Amino acid sequence: MVPTKTDVLGKLEKLPNSTQEAEIIVKDVIPHLSRGEVSLHEVVESLGSSLTHASAGERGAGTRLLADLLHALPRNNLSSAQLTFLVSFFVDRLKDQHSVVPNVFYAYLALVEQERIEGDDVRRLIQGMFREVHCQSHIMSDRRNIYTFLKYCLIHKLEDVKPLGSDFILGLVSAVDGERDPRNLVLVFSLMPIVVASLPPGPFTEDLFEVIAAYFPIDFIPPANDPYGISQEDLVLGLRRSLSSTPAFAQYCLPLLQEKLDSDLTSAKLDSLHTLVSCCEVYSSEDIRPYVTPLWLSIRREVSDGSNEDVEQAALSALTAIAAALGRGPISPAALQASHTLVQSALAECVVHLRTPEQRLMFPSARLLLALVSAGQGPATTITNTVLPLLAEQLAMKTEEAAQRNTVIILGKFLGAAAVFPDLLAGSLSQHEEVWWTALNLALTRPSPQVREAAVAALTAALKALSPSRLPSAATALTTALLDTHGSQDIRSGVVECLATLGRLHPSATLDHVLPQLLAQLKTESHSEVQLSRESQVLDTLAALTLGPALLARVLPLLWGQTEAALAKEEGGREKEGKEKAERAARYLTCIKKILGNTLKEPECQSFVLGEWHGVGRAVSVAVGVILNSQHTAMLPTLLTQLSAIIRLMVATLSEPQSLVNGVVRLVTGDKVEPDCELAKALTTHPEMQNLLAGGLVGAEESLRPRYMVYVLEGVLLGARCLPESTVGVLGQLRAVGGGEGAREGVEREEEAEVRKVAAILHAAIINKFPQGPTLTQVLNETHVDLKARLDPGLCEGERRSALLVAAWTCKALVVRGAAEQEDWSNWLLDLLSDPTLGMDAAHSFGIIVRDHQYAMTPQTCANIRLLHKQRFFEGIVGPLVTTFSTAENAHTKSCALVAIASLLPCLPPVVLNSHINKLLPVLLQGLSTTNNNRLSETGNMLTNNDTGGVTTTNKTGAETRESSLTTLASVLKQSASAALPHIGTLVMALLPLTSQHPLMVRVKALECLAALSTLPVTAILPYRDEVVRGLRAALDDRKRVVRQEATHTRCLWILVGAPGS
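Residues numbered from 1 in each chain as written. Predicted model: local features only at pLDDT ≥ 70, side-chain atom pairs only at ≥ 80, totals over all residues. Heavy atoms only, no water.

Engineer: Please clarify how the overall build of the protein chain should be interpreted in this entry.
Structural biologist: For the protein chain, the helix and strand inventory stands at 57 helices and 2 strands. When the 1062 residues of the protein chain are sorted by exposure, 54% land in the buried category. If you take every contact in the protein chain between residues at least 6 apart in sequence, the share linking residues at least 24 apart comes to 74%. (Helix = DSSP H or I, 4+ residues; strand = E, 2+ residues; numbered from the N terminus. Buried < 20%, exposed > 50% of the residue type's maximum accessible area, 1.4 Å probe, protein only. Contact = heavy atoms within 4.5 Å.)

Engineer: Would you explain the pattern of salt bridges in this entry?
Structural biologist: Oppositely charged side chains can pair when the atoms bearing their charge come close. All chains considered together, the criterion is met by 35 salt bridges. A salt bridge links Arg 64 to Asp 68; the nearest nitrogen and oxygen atoms lie 3.7 Å apart. Of this pair, Arg 64 and Asp 68 are both found in helix 5 (residues 56-72), 4 residues apart, which corresponds to roughly one turn of the helix. Between Arg 790 and Asp 786 there is a salt bridge, with the nearest N and O atoms lying 3.0 Å from each other. Highlighted residues: Arg 790 and Asp 786, both in helix 43 (residues 774-790), separated by 4 residues, approximately one helical turn. Connected through salt bridges with shared partners, the residues Asp 262, Lys 269, Arg 301 and Glu 302 form a single ionic network. (Salt bridge = Lys/Arg side-chain N within 4 Å of Asp/Glu carboxyl O.)

Engineer: Which parts of the structure should I look at to understand the nonpolar core?
Structural biologist: One broad trend across soluble globular proteins is that nonpolar side chains are buried collectively. Of all hydrophobic cores here, the largest spans 363 residues; its most connected members are Phe 414 and Leu 1013. With 12 residues, helix 44 (residues 797-817) is the largest single contributor of residues to this core. Phe 414 has contacts with Ala 366, Leu 369, Leu 370, Val 373, Ile 383, Val 387, Leu 388 and Leu 391, leaving out every residue within four places of it along the chain. (Core = buried A, V, L, I, M, F, W, Y, C linked by side-chain atoms within 4.5 Å.)

Engineer: Please explain the packing of aromatic side chains as it appears in this structure.
Structural biologist: Two aromatic rings, taken as a pair, are described by how far apart their centres are and by the angle between their planes. Inspection of the entire model under this criterion finds 10 aromatic pairs. Centroid distance Phe 209 to Phe 249: 5.4 Å. Interplanar angle 55°. Geometry classified as tilted. Here the residue Phe 209 occupies a position in helix 13 (residues 205-213), and Phe 249 occupies one in the loop between helix 14 (232-243) and helix 15 (250-261), the gap between them amounting to 40 residues. Take Phe 209 and Phe 249: they sit in the same class, and that class is buried. Seen in terms of ring centroids, Trp 560 and Trp 613 are 5.5 Å apart; in terms of plane orientation they differ by 85°. Their pairing is edge-to-face. Of this pair, Trp 560 sits in helix 32 (residues 549-567) while Trp 613 sits in the loop between helix 34 (603-612) and helix 35 (615-628), and the two are 53 residues apart along the sequence. Cluster of aromatic residues (ring-pair linked, three or more members): Phe 209, Phe 249 and Tyr 252. (Phe/Tyr/Trp six-rings, centres within 6.5 Å; stacked < 30°, edge-to-face > 60°.)

Engineer: What exactly am I supposed to notice about unusual backbone geometry here?
Structural biologist: Looking along the chain, the bond that leaves Phe 216 and enters Pro 217 is cis, with omega of -10°. Tracing the backbone through its elements, the reader meets Pro 217 in the loop between helix 13 and helix 14. Phi at Met 857 takes a positive value of approximately 55°, unusual for a residue other than glycine. Mapped onto the elements of the fold, Met 857 is located in the loop between helix 46 (839-850) and helix 47 (869-887). On the basis of relative accessible area, Met 857 is assigned to the buried category, the value being 9%.

Engineer: Please explain the environment of His 71 as it appears in this structure.
Structural biologist: Note that His 71 resides in helix 5. In contact with His 71, not counting residues within four places along its chain, are Tyr 106, Leu 109 and Ala 110.

Engineer: What's the story with the side chain of Arg 790 in this structure? I'm lost.
Structural biologist: Here Arg 790 falls in the buried class, since its relative accessible area comes to 9%. Within the local environment of Arg 790, its side chain forms a polar contact with the side chain of Asp 786, the two groups lying 3.0 Å apart. (Polar contact = N/O pair within 3.5 Å; in protein donor to acceptor, adjacent residues only side chain to side chain.)

Engineer: What's the story with helix 23 (residues 401-418) in this structure? I'm lost.
Structural biologist: Think of an α-helix as turning once every 3.6 residues; residues three or four places apart then point the same way. Across its 18 residues, helix 23 extends 26 Å between first and last C-alpha, which sits within 8% of the 26 Å expected from 1.5 Å per residue. The set of residues buried in helix 23 consists of Ala 403, Gln 404, Asn 406, Thr 407, Val 408, Ile 410, Leu 411, Gly 412, Phe 414, Leu 415, Ala 417 and Ala 418. (Expected span 1.5 Å × (residues − 1).)

Engineer: Can you help me understand the packing of helix 6 (residues 80-93) against helix 8 (residues 119-132) in this one?
Structural biologist: Where helix 6 meets helix 8, the axes come as close as 10 Å, and the angle between the chain directions of the two elements is 5°. Between helix 6 and helix 8, the angle is such that the two are roughly parallel. Only Asp 121, Arg 124, Leu 125, Gly 128 and Arg 131 of helix 8 make contact with helix 6, whose side of the interface consists of Ser 80, Leu 83, Thr 84, Val 87, Ser 88 and Val 91. Of the residues belonging to the contact of helix 6 with helix 8, the class tally is 4 nonpolar, 4 polar and 3 charged. (Axes fitted to C-alpha atoms, helices over the stretch in contact; angles between N-to-C directions. Parallel < 35°, antiparallel > 145°, perpendicular 65-115°, else oblique. Nonpolar A, V, L, I, M, F, W, Y, C, P; charged D, E, K, R; others polar.)

Engineer: I tried to follow the confidence of the model for the protein chain on my own but got confused; where do I start?
Structural biologist: Reading fine detail from the predicted coordinates is not recommended where pLDDT is low. In the predicted model, the protein chain carries a mean pLDDT of 85, and the fraction of residues at 70 or more is 89%. Between residues 931-955, whose pLDDT stays under 50, and residues either more than four places distant or in other chains, the model counts 72 contacts. (pLDDT = per-residue confidence, 0-100.)

Okay, here's the thing in structure tokens:
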């Protein structure tokens, strides 16, 4: 029943004691007030007995109810007359007893938010607050309401507040003075910039500054598990914004910062320097000028001392900010003189140390001058005119290696810092170019590798400052250094970086002077070790510097031409020569792949590669030619892998790859290829390919060549963002290739295993990309039936292993996309753990599912990826795996389940493992005890959980299981060792033997686990202390330093177990 007006007013006359009942009254009154059925005066009159009651508690309850009503009303509900009436009432109520006043603060917040409140009423509220309330005598929440009210007035009622002027400033100072709560201080600090920007402090500037400067520097450590989340950084940044909010604070703030900068506290120094940087962005040159000299002396001391890197960096930033402020805005003669004095003082004190490059103070002095150079063009001009000739002359005179190296390093830093100013490029840098370029060129020819390395880095920084006439000399010098067979790898890496920078800044110079020299090296036919090393270096350089469309258009066709020439079929060629050419082609393809990876993101480069150059058609044509060329059989997997990656990169950038996808699918399935497809051009060059694929990918049993087309297929289909339904036609053939059709007993050739692996990966990638629907369901059903038939125990072992590989990758495809069918497939793999032949292979397939592949089913290949798919898969499979391990009736199934769990663990974050630690710990303990388990050490072709997911031969399963178990155990114990308490005895006995006579990672992780166990309660681990201390003696003499260090740390922890005060 809806309460009537009489009922509502009657309830107001007798207020309940319960807060919950008061809320019900508010909900009943608000609709009547909003519709005008009950007036505000009637509400106040009904509350009259409560508002005027002799008891402060009753008056407080009435005031609170009225405040709640105001908060519940719409902001446009009350008229200005009603608001004036309420303002008068609540301002007068501020004189009431102290327990009533907090309710008035709450009502203030509702009144000021009303849209129709007049400016006079806002000012009356503020003046009443300042006149009647002593803010700091109230509790934190009430003070917060006061500050919130004032902030709202400043933000939303600023024009109404401005007439108060200095009265508002004085009232704010009185209210804030003495505030200590960090939550309120964050609010107070946010007020100050608004106040000083809108209300000139006038005579109260110093008072306003002092009330906030009292908190500088902030020394606050938030309590543990702080529910409010107030950090020291919040307070520091808020106070910093307050101190730097107005130039009027300069005369008070800068001496304060100077005082704190001279203190012994590192935190105070850092805070002072960071605040000084903020102040310099606001203060004018006239404000800073009187304090330049003392600030310079303090900054110089901190940089020269160099005891703290953070303080040094902050001091250099502050020096840059000071110099920049002196040159910003209208500059008076006094400020200009101060800037000149600062620069001259720095030169006078620092140049002396630049003349002694072998001493420690050279680098601090150089950093001081560099900070001034970064401040502006004026200081940069003065300093470079002095420093550049000095360093160039010094480099020619000094003979010590350290002096030369230090001089070159500093010279490069000055050139790089000055080159950012365009006027200096035509000014002092150009005037002294002959001097500093001669010095750098001389340093590039020094016998010392350290000097040459420093010279290359300096030239990289100075490239912007080089005039066009010097670029040919620089290009020649760099190329010579790159091709120097006696140069170190560090020098060559620096030269590559320098040439790449040159290519970005001056593409024409690279085209005209660098590329001809580099490409000439590729035309040499020598196959000596020196030439091969030089060729590799040239290719790496080309991959790094080919960044723009101009360079790409020049380099890519040349490299591709060299690749085609190396792969060209020659009648009667020697086998060794053919292999050398194939290896050379593989190096060129690697370089081309890097170039395309760096450049295809640019639209102009895409347009050239895909349009003008017809990159996809060229790559497919070369791949088909490689397949048909029997000379390169041994190198076929390597060459085709590179070509597949190149095709994949290009297809991924195609806006409409459907035509190409359909063409490849038609070719493989025996249909006619459309004539306008990129693939048709490749078939024109190699018409025999269609005859070769007449029987599909499997082809004749004695020939692998048709199957090699899976590489081309992989490049096209993995690069495409989405796949048409016609792709379904190739899945059966991929299963036939990857699932082992035609497999024979005996040892499988390596290239045949690679083909099967690629087919399995491609089969899974197609399923992963295929849209959800009936077609996908049908494909999965057909795949399951096909693979189940291939896994029949009556077939040969090789074919069954290959089919299992396809099944594992198909399950991975479903897991990655988060398909509902993944549960059925993972249970199928789970059932195969008990298979006598394939059990261990099935165990390793769980690692394939959760381990990231290099390129398949990644965002780069446009895969369908669901977030947290690994975690979801683990949550669903860990329980059945542990159950299989616990209930297995034979050792083989138990071992397979253990390996399956160990394959999952390294790929999951510790937070996921922690929730299952109680059920995993017994399994991990079993994993540690598999020292001589024959089943875990059995040899044979097994599915390993490496990145490629291929088929390898291994006899290291036991060691891998132990290492995986230890890695997981160490990670879990470091976060929560308490879970190991029930198993402490078993753990210690299992871990101690693993600290010696085992692989490196096993020894290290075992020691880490023992160190984590030392944090358990003393009563639990004290009985094992002596045994652990004795057992770790052998690890102290381990041949590996990392083991000795970990053993020393762990042994010390155990020695201190039970010691007094430990």
